[in-house]
Amino acid sequence: MPTDLYEHHDYYLMDELLTDEHKMVRDSVRTWVKKSVTPIIEDYAQRAKFPAHLVKELGDIGAFGPQIPTQYGGGGLDEISYGIIMQEIERGDSGIRSTASVQGSLVMFPIFKFGSEEQKMKYLPKLASGEFLGCFGLTEPDHGSNPSGMLTNFKDAGDHYVLNGSKMWISNSPMADVAVVWAKDEEGIIHGLIVEKGMEGFSAPEIHNKWSLRASITGELVFDNVKVPKENLLPGVKGLKGPLSCLNSARYGIAWGAIGVALDCYDTALRYTKERTQFDRPIASFQLQQKKLAEMITEITKAQLLTWRLGVLKNEGRATPAQISMAKRNNVDMALTIGRDARQMLGGMGITGEYSIMRHMMNLESVVTYEGTHDIHLLITGMDVTGINAFV
Ligand code: TGC
Ligand code: FAD
């Protein structure tokens, strides 16, 4: 069983920018990750199994919807606390962070933001506690980066809607009790619907053979004339801005999560190179290794500052979607580069499950693609700075 020796790294004294509550949240989630995630995650990832028992534990530690008000079962915390929770969980594994961010940002957030009071009371407390697992269906087999072209649709059938279509690459879906599904009405306008496990004509087959996010369960959503009660339509939003505004929250969490991965890879490489000797010296004494470590901590520190500032703006309601895109893109790319360098610094040992690095690297190949690909986020920044839309 791998031992989690992770130590805190705070090169620019970022802790001074955090409140006591932020630090308390961080320490408690870090303790949970060391106790419940690190000891088992390699085994689950190797077997491509989802550690389903962690769903309840994630609920217990307050990882589901920490920014949702307490009256609905959430934590009533601020955006920086949410980010720190994602950072600490993703230091353990991106797949476990995926479970938490889908539940909080992509299932609880739209119900909280766009749902009726009845929907909030019915679903949010159970999602917050981990009694229910949720998933978010936007992507389709032929519509990934361009969700506005979606084909999934529903028709008014009097006292209910009839839903048809399919979604692809949906985190949590095979085990989910509840799915927030985005579909077009008869006029082609996008709406959110809450679909429950067990509804006739609804299935969620698992997608196998992933080399990435192996400890996260991914599947499809298939709707074959599913009768959805009218009270399951989210009344508070219509149009693509509904699902895209949920992505703002999830992408923000990923920006923090990627820092967690980068810190874990840096921490492992630093310890290993100080202990490992070649040519009768610790390999950390070689300039080429020091260059890699110095660049890693520099990039991590830059990302920490960027992301903390984004958290302040988000707390003030001033973070723009384009600012969030910049942080998601920058931080995931930064973590991937660090993961690849750290892997090499461990030599042959770097490819084994004795260390977390190779698993992190493989996970990040999904993280750089989902929630908007690296290229899409670049084009969002390009559009923001030029005022010219490259998508049309
Ligand atoms: P466009 O015409 O630009 O926009 C349509 C409407 O949406 C508004 N909008 C946003 N609103 C809130 N937040 C945002 N980030 C928004 N971006 C755009 C926009 O103002 C407009 O509003 P209105 O009132 O004028 O109607 O839309 P487009 O069709 O040109 O597409 C733009 C594009 C390409 C940037 C967008 O579609 C996009 O972001 N594509 C990437 C798709 C994506 O990220 N999919 C993620 C699926 S979920 C997922 O991956 C979960 S992984 C979970 C895990 O395991 O962690
Ligand atoms: P495509 O859109 O086909 O893109 C392929 C390539 O073309 C990319 O490199 C892209 O950058 C590039 N490209 C596309 N358009 C342009 C352009 N205009 N200019 C330049 N380059 C372009 N979705 C959900 O809805 N819910 C989930 O829970 C979810 N979980 C996921 C879990 C995993 C493990 C994975 C891998 C994906 C998940 N997704 C989920 C889907 C994810 O959001 C999509 O994979 C992603 O948005 C990209 O879509 P695509 O795979 O269809 O790629």
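Just above sits the structure.
Attention in this report is confined to the structure presented alongside it. Everything numeric here is computed off the predicted structure, so don't read it as measured data.

### A look at the site of ligand 1
Here is step 1: Around ligand 1 lies a shell of 26 residues, among which Ser-98, Ser-171, Asn-248, Arg-251 and Glu-371 are the nearest.
Here is step 2: At 2.8 Å, a side-chain N or O of Arg-251 approaches an oxygen atom of ligand 1.
Here is step 3: In the complex, the protein chains occlude 73% of the 1100 Å² of accessible area that ligand 1 would expose alone.
Here is step 4: Mapped by element, the contributors of at least two residues to the shell around ligand 1 are α4 (94-114) and α6 (241-275).
Here is step 5: In terms of residues, the shell around ligand 1 owes the most to one element, α6, which gives six residues.
Here is step 6: Looking at side-chain class alone, the shell around ligand 1 contains 12 nonpolar, 10 polar and four charged residues.

### Overview of helix α5 (residues 117-129)
Given 3.6 residues per helical turn, the α-helix brings residues three or four places apart onto the same face.
Here is step 1: In a regular helix each residue adds 1.5 Å, so 13 residues correspond to 18 Å; α5 covers 18 Å between its end C-alpha atoms and thus fits that length.
Here is step 2: Along α5, the helix axis deviates most sharply at Tyr-123, where the bend reaches about 30 degrees; the proline Pro-125 sits within four residues downstream.
Here is step 3: Here α5 has its buried residues at Gln-119, Lys-120, Tyr-123, Leu-124, Leu-127 and Ala-128.
Here is step 4: Buried positions along α5 lie against α2 (54-60), α4, β1 (134-137), β4 (178-184) and β5 (190-196).

### Remarks on the packing of helix α8 (residues 321-345) against helix α9 (residues 357-367)
Here is step 1: One way to put it is that α8 packs onto α9 with a least axis distance of 9 Å and a crossing angle of 150 degrees. Classed by the angle they form, the pair α8 and α9 counts as roughly antiparallel. Relative to α9, the crossing made by α8 is left-handed. On α9, the residues that touch Lys-328, Val-332, Ala-335, Leu-336, Gly-339, Arg-340, Ala-342 and Arg-343 of α8 are Ile-357, Met-358, Met-361, Leu-364, Glu-365 and Val-367.
Here is step 2: Of the residues that constitute the contact of α8 with α9, the class distribution is nine nonpolar, one polar and four charged.

### Some words on the pairing of β5
Here is step 1: Most of β5 is tucked away: six of the seven residues are buried.
Here is step 2: Judged from the seven bridges that link them, β4 and β5 form a sheet pairing that is antiparallel. Paired with Val-180 across the strands is Ile-194, a residue of β5.

### A word on the packing of helix α7 (residues 287-315) against α8
A pair of packed helices can be characterised by two numbers: the angle between their axes and the separation between those axes.
Here is step 1: Running from N to C, α7 and α8 point in directions that differ by 160 degrees, and their axes come no closer than 10 Å. One finds that α7 runs roughly antiparallel with respect to α8. Classified by chirality, the crossing of α8 by α7 is left-handed. Only Gln-323, Ile-324, Ala-327, Asn-330, Asn-331, Met-334, Ile-338, Asp-341, Ala-342 and Met-345 of α8 make contact with α7, whose side of the interface consists of Gln-289, Lys-292, Leu-293, Met-296, Glu-299, Ile-300, Ala-303, Leu-306, Thr-307, Leu-310, Leu-313 and Lys-314.
Here is step 2: Split by residue class, the contact of α7 with α8 holds 13 nonpolar, five polar and four charged.

### Looking at the site of ligand 2
Here is step 1: The environment of ligand 2 is formed by 18 residues, the closest being Phe-136, Thr-139, Ser-145, Trp-169 and Thr-373.
Here is step 2: At 2.6 Å from an oxygen atom of ligand 2 is found a side-chain nitrogen or oxygen belonging to Ser-145.
Here is step 3: In this structure, an oxygen atom belonging to ligand 2 sits 2.9 Å away from a main-chain N or O atom of Ser-171.
Here is step 4: When isolated, ligand 2 has an accessible area of 980 Å², and the protein chains bury 66% of it.
Here is step 5: When residues of the shell around ligand 2 are traced back to their parent elements, those giving at least two are β3 (160-171) and α10 (374-386).
Here is step 6: A domain split of the shell around ligand 2 shows at least three residues from each of domain 2 (135-232) and domain 3 (241-386).

### A word on the pattern of salt bridges
Here is step 1: Considering all chains together, one arrives at 19 salt bridges under this definition.
Here is step 2: For Lys-122, the salt bridge identified is with Glu-196, shortest N-O distance 3.2 Å. Residue Lys-122 is found in helix α5, and its partner Glu-196 is found in strand β5; the two are separated by 74 residues along the sequence.
Here is step 3: With a relative accessible area of 45%, Lys-122 lands in the partly exposed category.
Here is step 4: The class for Glu-196 is partly exposed, based on a relative accessible area of 21%.

### Focus: the packing of aromatic side chains
Here is step 1: This model, assessed by the stated rule, comprises nine aromatic pairs.
Here is step 2: Here the aromatic rings of Phe-202 and Phe-223 are separated by 5.5 Å at their centres, their planes lie at 15 degrees, and the arrangement is stacked. Here the residue Phe-202 occupies a position in strand β6 (residues 202-203), and Phe-223 occupies one in strand β7 (residues 218-229), the gap between them amounting to 21 residues.
Here is step 3: Seen in terms of ring centroids, Phe-279 and Phe-286 are 6.3 Å apart; in terms of plane orientation they differ by 85 degrees. Their pairing is edge-to-face.
Here is step 4: Accessibility expressed as a relative area gives 70% for Phe-279, which makes it exposed.

Rules used throughout
Once a new chain begins, its residue numbering starts again from 1 and follows that chain's sequence as written. Starting at A for chains and at 1 for ligands, labels are handed out in the order in which the entities are written. Only residues with pLDDT of at least 70 get local features here, since the model is predicted, and only at 80 or more are side-chain atom pairs given and counted; chain-wide, interface and lining totals rely on the full set of residues. Remark: hydrogens and water are excluded; side-chain values derive from all non-hydrogen atoms of the structure. What makes a residue near a molecule or strand is one non-hydrogen atom of that residue sitting within 4 Å of it. Polar contacts, as used here, are pairs of N or O atoms within 3.5 Å; protein pairs need one atom able to donate a hydrogen and one able to accept it. Residues neighboring in sequence count only if both atoms are side-chain atoms. For accessible areas, the Shrake-Rupley method is used with a probe of radius 1.4 Å. Any residue's cover is judged against the shown protein chains and nothing else. The secondary structure listing takes helices from DSSP runs of H or I that are at least 4 residues long and strands from runs of E that are at least 2 residues long, numbered from the N terminus. Just so you know the grouping, Ala, Val, Leu, Ile, Met, Phe, Trp, Tyr, Cys and Pro go in nonpolar, Asp, Glu, Lys and Arg go in charged, and all remaining residues, Gly too, go in polar. Take the residue count of a helix, subtract one, and multiply by 1.5 Å to get its expected span. Bend, at a single residue, is the angle you get between axes fitted to the 7 residues ending at that residue and the 7 residues starting at it. Summary of the burial criterion: residues with accessible area below 20% of their type's maximum are buried, those above 50% are exposed, and those between are partly exposed, where the area comes from a 1.4 Å probe applied to protein chains only. It only takes one pair of heavy atoms within 4.5 Å for two residues to be counted as in contact. Under this scheme, a helix contributes an axis fitted over its contacting stretch, all axes are lines through C-alpha atoms, and angles between N-to-C directions fall in the 0 to 180 degree range. Note on angle classes: values under 35 degrees are labelled roughly parallel, values over 145 roughly antiparallel, values of 65 to 115 roughly perpendicular, and the remainder oblique. Rotating anticlockwise by less than a right angle from the far helix to the near helix defines a left-handed crossing, while the corresponding clockwise rotation defines a right-handed one. Two strands pair if DSSP finds at least two bridges between them. Residue ranges assigned to the domains are those given by an automatic or database domain assignment. Put simply, a salt bridge is a Lys or Arg side-chain nitrogen that is within 4 Å of an Asp or Glu carboxyl oxygen. Ring pairs shown here join Phe, Tyr and Trp side chains whose ring centres sit within 6.5 Å, with only the six-membered ring taken for Trp; geometry is labelled stacked below 30 degrees between planes, edge-to-face above 60, and tilted in between.

In short, shape yes, function no, at least from these values alone.
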